[in-house]
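Results of the structural survey
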Amino acid sequence: MINKKALRGAVGAAGFLLILEILGRVGVIDPYTLPFPSSILVSAAGLLANGEFLLDVGVTLSSCLIGLLLAVVTAVPAGLVMGTLPAVERAVRPLVEFLRPIPSVALLPLAMFLFTVSEQGKIALIVYTACWPLIINTLYGMHDVDPLAKETLRSFGFGPYDVVRLVSLPSAAPFISTGVRISASVALIVAVSVELVAGGEGIGTFVTDAASGNRRDLMIAATAWTGVIGLLINSLLAGAERRIFRWHRAQAGEELVR
Amino acid sequence: MTRIAVRVAQLWIIPVTFLVWELTTRVAEAIYFPPPSTILVHLYEQWFSGPLVHLFLTQDAFDHLLPSLGRLILGWAAACAVAIVVGVTLGRLAVLADFVNPLIHFFRSVPPPLLIPIFMTLTGVGTPLQLAGIVFGVVWPVLINSLDGARYVDRGYLETCEVFGLSRVQRLTRVVLPSAAPKIFAGLRLSVALALIMMIISEYIGSTEGIGYRMLVAQSQVDIPSMWTAIVILGVLGLVLNAAFLRFERHVLTWHRGARKTD
């Protein structure tokens, strides 16, 4: 079943590239607008041996990772505390709701002033951005707990701590991991944005340089690699989620035996 | 009346934060952090002290604020409409979804800001670039959420539909859409933020007007209060869009909240 799915996906992707190639060769799409997929693929393969590009990828990814870790360490406990203590949530929630919608990139010019090293500014913005999906998802999860399960435990004489440990946390866990996944993709977006606007090292700078050299094939190839990297990160996290939270999906009516 | 008073009282942390911010910045005299009162005065002067016939908007607001808003709303609405229709359709057509799934997830994984330099070589600097950026940023998360929501419908509900002999249209409107709605709204909520990010980034990189452009100009001139007014405007914009969206979501999803609540 999984193989069939993968096969269909591969056919879909190959078909997409083939159609673009044909449209390009026939002349429907101007090759200047969109270089032939074949030549983009060649450039993409070339990038794998391009030390400069690999270094840039490393820089971008390491800032994402550091930022994300810092965000998880601060935001998830904060969300748990808010989710368990309604008084704290009532007090802090307005502040969270007030700060959260501020788009992180709006703070970019400020970050450029505050951090002379663009690397630090990048990480600071990533932490700021990644925090909110984590807090909100943790809270969402804490609120989405089946009230019947909570009350069953309560009526069997379990205390509030046990209710959190045995019911709330396990049922919020899938939401938290979704929060991590969202934050990871947003972290990549913010990292690249900072690089595009403020320069420094990273994938964004690589694309800007390719643009100034008028290398569309390189721009698209580098962008595509970033997409692949994002996809890999996401599937790794989603795979882990699926493995760990099998019961959650079983509840949603998905077949487990494949 | 008392209920409103209670709700207002629950927001006590906001004025307290402002007060602390005001006092700290005044005491510390930090160059990059002007006190909120200074920012507010500047905000009024720069954007909202225009003549009455212009609804108090200044020339700056006409040149930078309104174009940004127009593009944001247009791009977001268009992208969401398309994404929901395509997503729900694909969600119910499992085989077709298998074919396009990797492509969708690939495009969704491309950080949309990276496409702005690419679009820029095509469209040049200006509104088409901003719209393309916003649409590309918004489309994928909404599409994927709609697809997932429409796909993983509780099997019990679908079997009930079959037992009661509901038509396809009825099944879509009565069961699939409602059960996909929370997921779709999660995607929409995310997309509001993404649309705003793309609006700002595309104005940073490829524009000669807009709030983002104005902000970057202020930054390069070390005009700190102007930069902060832009931050405040963008923050308020995010806040208002989010609040409006939440109201709408709460209105539409009342039944979902009801089903999850006992006391």
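Residues numbered from 1 in each chain as written. Chains lettered and ligands numbered in written order. Predicted model: local features only at pLDDT ≥ 70, side-chain atom pairs only at ≥ 80, totals over all residues.

1. Things to note about the overall build of chain A
- Across its full length, chain A holds eleven helices and zero strands.
- Judged by the C-alpha coordinates and their principal axes, chain A covers about 70 × 55 × 30 Å.
- The proportion of buried residues among the 258 residues of chain A is 37%.
- Long-range contacts, defined as pairs at least 24 residues apart, comprise 72% of the intrachain contacts of chain A with a sequence gap of at least 6. (Helix = DSSP H or I, 4+ residues; strand = E, 2+ residues; numbered from the N terminus. Buried ≥ 20, exposed ≤ 12 C-beta atoms within 10 Å, placed from the backbone. Contact = placed C-beta atoms within 7 Å.)

2. Brief notes about the interface of chain B and chain A
- The partner chain A presents 51 residues to the 49 residues of chain B that form the contact.
- Secondary structure elements with two or more residues in the side of chain B that touches chain A: α2 (13–28), α5 (94–109), α6 (115–123), α9 (168–205), α10 (211–220) and α11 (224–252) of chain B.
- Across the side of chain B that touches chain A, the residue classes tally to 33 nonpolar, eleven polar and five charged. (Nonpolar A, V, L, I, M, F, W, Y, C, P; charged D, E, K, R; others polar.)

3. Describing unusual backbone geometry
- The phi dihedral of N214(A) is positive, around 55°, even though this residue is not glycine.
- For V222(B), which is not glycine, the phi torsion reads 50° and is therefore positive.
- As for its placement among the helices and strands, V222(B) is situated in the loop between α10 and α11.

4. Some details on the confidence of the model for chain B
Residue and element names in this part refer to chain B.
- Summing up the model confidence of chain B, the mean pLDDT is 84 and the portion of residues at 70 or higher is 97%.
- Mean pLDDT across the elements of chain B ranges from a minimum in helix α12 (residues 254–259), with 67, to a maximum in helix α7 (residues 127–151), with 89.
- Reported confidence for the predicted complex is 0.79 by ipTM and 0.82 by pTM. (pLDDT = per-residue confidence, 0-100.)

5. A few points about the nonpolar core
- In terms of nonpolar packing, the biggest core is built from 121 residues, with I126(A), A187(A), I134(B), V138(B) and A195(B) touching the most fellow members.
- Not counting chain neighbours up to four residues away, the residues in contact with I126(A) comprise S63(A), C64(A), G67(A), L68(A), A187(A), V190(A) and A191(A). (Core = buried A, V, L, I, M, F, W, Y, C linked by C-beta atoms within 7 Å.)

6. Here's the deal with the confidence of the model for chain A
Residues and elements named next belong to chain A.
- Per-residue pLDDT for chain A has a mean of 85; in total, 95% of the residues score no lower than 70.
- Across chain A, element-level confidence peaks in helix α3 (residues 51–84) with a mean pLDDT of 91 and bottoms out in helix α11 (residues 246–251) with 59.
- Considering only residues more than four positions removed or in separate chains, one finds that residues 250–258, a stretch of pLDDT under 50, has ten contacts.

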